[in-house]
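These are the residues of each chain, in order.
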Amino acid sequence: MEMGLTIIKRIELAKEGNRRELGKLLSLIESGVKLPINNSNSWVLGVTGPPGVGKSTLIGVMVEEWVNRGERVAVLAVDPSSPRSGGALLADRMRMSSADSSESVFVRSLATRNHPGGLIPFLDPMINLLGFCGWSRIIIETVGGGQSEIRIVAFADRVMLVDGPDRGDIVQAEKAGIIELADLVVINKSDLPNAQNAANSIKTSFDYSNNNDKLVILTSALNKTGISELIDVVEMLEIDNERNSLRIKERLLSAWDFLLLSNPALNDILLDLESGRINLDEALNRL
Ligand SMILES: Nc1nc2c(ncn2[C@@H]2O[C@H](COP(=O)(O)OP(=O)(O)OP(=O)(O)O)[C@@H](O)[C@H]2O)c(=O)[nH]1
Ligand SMILES: [Mg+2]
């Protein structure tokens, strides 16, 4: 019971703003410990998009704006492609800003390679803990355009897709189905040529599809333009029912996959399938 006491004490400290304890609790969650916390009203924004479009930089300037508005912001950077461009970059940026604001920012990197079954089972408990500890804005950054990124952003109830001035990337996102989950599309690097054209052509393609309620916004994280407007828009987003049910379905599929992948009989069943001793139906029954 010593263990339980310690965890409760840790949660208390983390709630008082102790970041070390918060970090430890997040590690405990990653190692499979369930925390005795009931909280389901965290504010979460998922940010995704192709590598290098400026997601981390953009999140950094958004965080500054949020902190200026009195929010406490926690960022979960999932699989940062390099330590420099992921959590570390954000952490550096925050260290450069005033000590006061760094109290209001918490950044944590998460690597899927540490978790063969994926991060999915830990996201909800992490989000709950952060919300419980008073982090009023929680951001999840993921890189790429594959199934696992969709699965991760589905844990956010607001989703922002970031792209660059090159329209090719958005086509990938369309194929992967990320667009369906996104509430808004941000074309970052608006300081570069073609950004306005890219935004226009995306808007046009939305008008011809089922996406005409989706907003397209231009920002330059580098020059800090469009940031305040972007925050205004994100703050006003209403939870969309149709997108929400898509997200909930993704969460259920994730949980289902995890259950399957963590079944202790899985390896034996796979071997039996391979050797032809059983068929798929029999495998399902055994699972
Ligand atoms: N010109 C310009 N460059 C930018 C802008 N925002 C970010 N960059 C640059 O783009 C590069 C990638 O930025 P990151 O913020 O690391 O991009 P990311 O999307 O987080 O990258 P990954 O996490 O690796 O996918 C860096 O060199 C940034 O300085 C912008 O608004 N304009
Ligand atoms: Mg990044």
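Residues numbered from 1 in each chain as written. Chains lettered and ligands numbered in written order. Predicted model: local features only at pLDDT ≥ 70, side-chain atom pairs only at ≥ 80, totals over all residues.

Draft legend 1. Inspection of the overall build of the protein at higher detail. When you go through the protein residue by residue, the secondary structure sums to 14 helices and 7 strands. Taking all 287 residues of the protein together, the buried fraction comes to 38%. By sequence separation, contacts in the protein at least 24 residues apart represent 73% of the contacts at least 6 residues apart. (Helix = DSSP H or I, 4+ residues; strand = E, 2+ residues; numbered from the N terminus. Buried ≥ 20, exposed ≤ 12 C-beta atoms within 10 Å, placed from the backbone. Contact = placed C-beta atoms within 7 Å.)

Draft legend 2. Layout of the packing of helix H2 (residues 19-30) against helix H6 (residues 120-132). Contact geometry of H2 with H6 gives a least axis separation of 9 Å together with a crossing angle of 160 degrees. Classed by the angle they form, the pair H2 and H6 counts as roughly antiparallel. Where H2 crosses over H6, the two elements pack in a sense that is right-handed. Packed against H2, whose contacting residues are Leu25, Leu26, Ile29 and Glu30, the element H6 presents Phe122, Pro125, Met126 and Leu129 at the interface. Residue composition of the contact of H2 with H6, by class: 7 nonpolar, no polar and 1 charged. (Axes fitted to C-alpha atoms, helices over the stretch in contact; angles between N-to-C directions. Parallel < 35°, antiparallel > 145°, perpendicular 65-115°, else oblique. Left-handed = near helix turned anticlockwise from the far one by under 90°. Nonpolar A, V, L, I, M, F, W, Y, C, P; charged D, E, K, R; others polar.)

Draft legend 3. Examining helix H13 (residues 266-275) more closely. With respect to burial, H13 is a largely exposed element, only 0 of its 10 residues being buried. Immediately beyond the C-terminal end of H13, within one or two residues, lies glycine 276, with a positive phi of roughly 80 degrees.

Draft legend 4. Structural view of the nonpolar core. Residues Val73, Val75, Ile140, Val153, Phe155 and Met160 are the most contacted members of the largest nonpolar core, which totals 64 residues. In terms of residue count, the dominant contributor to this core is helix H3 (residues 55-68) (7 residues). When near neighbours in sequence (up to four residues on either side) are disregarded, phenylalanine 155 contacts Val44, Gly46, Leu123, Asp124, Ile127, Ile140 and Arg251. (Core = buried A, V, L, I, M, F, W, Y, C linked by C-beta atoms within 7 Å.)

Draft legend 5. Fine view of the environment of valine 75. Its location among the elements puts valine 75 in strand E2 (residues 73-78). Overall, the presence of 28 C-beta atoms within 10 Å leaves valine 75 in the buried class. The spatial distance from the C-alpha of valine 75 to the C-alpha of leucine 45 is 9.6 Å, given a sequence separation of 30 residues.

Draft legend 6. Geometry of the sheet that holds E2. Taken together, 7 strands build an open sheet; the order of strands is E3-E2-E4-E1-E5-E6-E7 and the sheet is parallel. In the strand order of this sheet, the two ends are held by strand E3 (105-110) and strand E7 (215-218), each with one partner. Neighbour to neighbour, the strand axes of the sheet diverge by 20 degrees on average, direction disregarded. Looking at chain direction, strand E1 (residues 44-49) and strand E5 (residues 158-163) are connected through 4 bridges and run parallel. Within the sheet, the bridge partner assigned to valine 47 lies in E5 and is methionine 160. Strand contacts of H6: E1, E2 and strand E4 (137-143), with the helix running at about 150 degrees to E4, the strand carrying the most contacts. In the packing of helix H10 (residues 195-207) onto the sheet, the strands contacted are strand E6 (184-187) and E7, and the crossing angle to E7 comes to about 180 degrees. (Pairing = 2+ DSSP bridges.)

Draft legend 7. Up close: the environment of phenylalanine 206. Looking at the element boundaries, phenylalanine 206 is found in helix H10. It is 9.5 Å that separates the C-alpha atoms of phenylalanine 206 and valine 216, two residues lying 10 residues apart in sequence.

Draft legend 8. Region of interest: the environment of serine 40. Summarising the element assignment, serine 40 is placed in the loop between H2 and E1. On the neighbour-count criterion, serine 40 (10 C-beta atoms within 10 Å) is exposed. On a C-alpha basis, the gap between serine 40 and aspartate 124 in space is 8.8 Å, while along the polypeptide they are 84 residues apart.

Draft legend 9. Here's a closer look at the confidence of the model for the protein. Residues of the protein with pLDDT of at least 70 account for 83%, and the chain-wide mean is 84. In the model of the protein, helix H4 (residues 87-96) stands out as the element of lowest mean pLDDT, 55, in contrast to helix H11 (residues 227-236), which has the highest, 96. (pLDDT = per-residue confidence, 0-100.)

Draft legend 10. Molecular detail of unusual backbone geometry. Backbone geometry places lysine 189, a non-glycine residue, at a positive phi of 65 degrees. Tracing the chain through its elements places lysine 189 in the loop between E6 and H10. In this structure, lysine 224 takes a positive phi of about 55 degrees despite not being glycine. Following the sequence through the fold, lysine 224 ends up in the loop between E7 and H11.

Draft legend 11. Here's a closer look at the packing of H3 against H11. The N-to-C vectors of H3 and H11 enclose an angle of 75 degrees; their axes lie 10 Å apart at closest approach. By the criterion of interaxial angle, the relationship of H3 to H11 is roughly perpendicular. Together, Val61, Met62, Glu65 and Trp66 of H3 and Ile227, Ser228, Leu230 and Ile231 of H11 make up the contact between the two elements. Residues that form the contact of H3 with H11 fall into these classes: 6 nonpolar, 1 polar and 1 charged.

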